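# What the coordinates show
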Amino acid sequence: MAKHKIYTMSFASVYPHYVNKAEKKGRTKEEVDEIIRWLTGYNQGQLEELLEKKTDFETFFAEAPEMNPSRTMIKGVICGVRVEEIEEPLMQEIRYLDKMIDELAKGKAMEKILRKP
């Protein structure tokens, strides 16, 4: 089976779209970065290095220091599909991130986006 095209795309090529989506709704790049760090366990320096190296999505998620165990609390529909029902693990990780960026752009509080009690 062929890999999804997004797996081989560089994370850096999509990242500006995440930031633009957030900024159009009055949110910040720093909030986008906070979401990415929460989800993956990367620190800010590591994130910037991965962006600079144009790391692909597959590697970005495969080498994440620590995927947040609370990410399974992310529920809802993204691109017409329920994120909690996606069977392909890498696609689910990508869609978790997409869903969190959507929530940010919709004005949801960071505490709720980051699934804090």
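Moving on, we come to the nonpolar core. If you look at the biggest cluster of nonpolar residues, it comprises 37 residues, and the most contacted ones within it are Phe 11, Val 32, Ile 35, Phe 61 and Leu 97. Within the residue set of this core, elements represented by two or more residues are helix 2 (11–24), helix 3 (29–40), helix 4 (44–53), helix 5 (57–62), helix 6 (89–105) and helix 7 (110–113). Here this core takes eight residues from helix 6, the largest share from any one element. Excluding its chain neighbours within four sequence positions, the residues that come into contact with Ile 35 are Leu 97, Met 100, Ile 101, Leu 104, Met 110, Ile 113 and Leu 114.

Right, let's get into the pattern of salt bridges. Side-chain pairing between opposite charges can occur once the charged atoms of the two side chains come close. Following the criterion strictly, the structure yields nine salt bridges and no others. Residue Lys 29 pairs with Asp 33 through a salt bridge whose shortest N-O separation is 2.8 Å. With Lys 29 and Asp 33 both in helix 3 and four residues apart, this pair spans about one turn of that helix. Note on Lys 29: relative accessible area 31%, which makes it partly exposed. By relative accessible area, Asp 33 is classed as buried at 3%. Glu 84 is paired through a salt bridge with Arg 82; the nearest N and O atoms lie 2.8 Å apart. The class of Glu 84 is partly exposed, set by a relative accessible area of 28%. What you see here is one network of salt bridges that share partners, running through Glu 103, Lys 108 and Arg 115.

What counts as what
Residues numbered from 1 in each chain as written. Predicted model: local features only at pLDDT ≥ 70, side-chain atom pairs only at ≥ 80, totals over all residues. Heavy atoms only, no water. Core = buried A, V, L, I, M, F, W, Y, C linked by side-chain atoms within 4.5 Å. Buried < 20%, exposed > 50% of the residue type's maximum accessible area, 1.4 Å probe, protein only. Helix = DSSP H or I, 4+ residues; strand = E, 2+ residues; numbered from the N terminus. Contact = heavy atoms within 4.5 Å. Salt bridge = Lys/Arg side-chain N within 4 Å of Asp/Glu carboxyl O.

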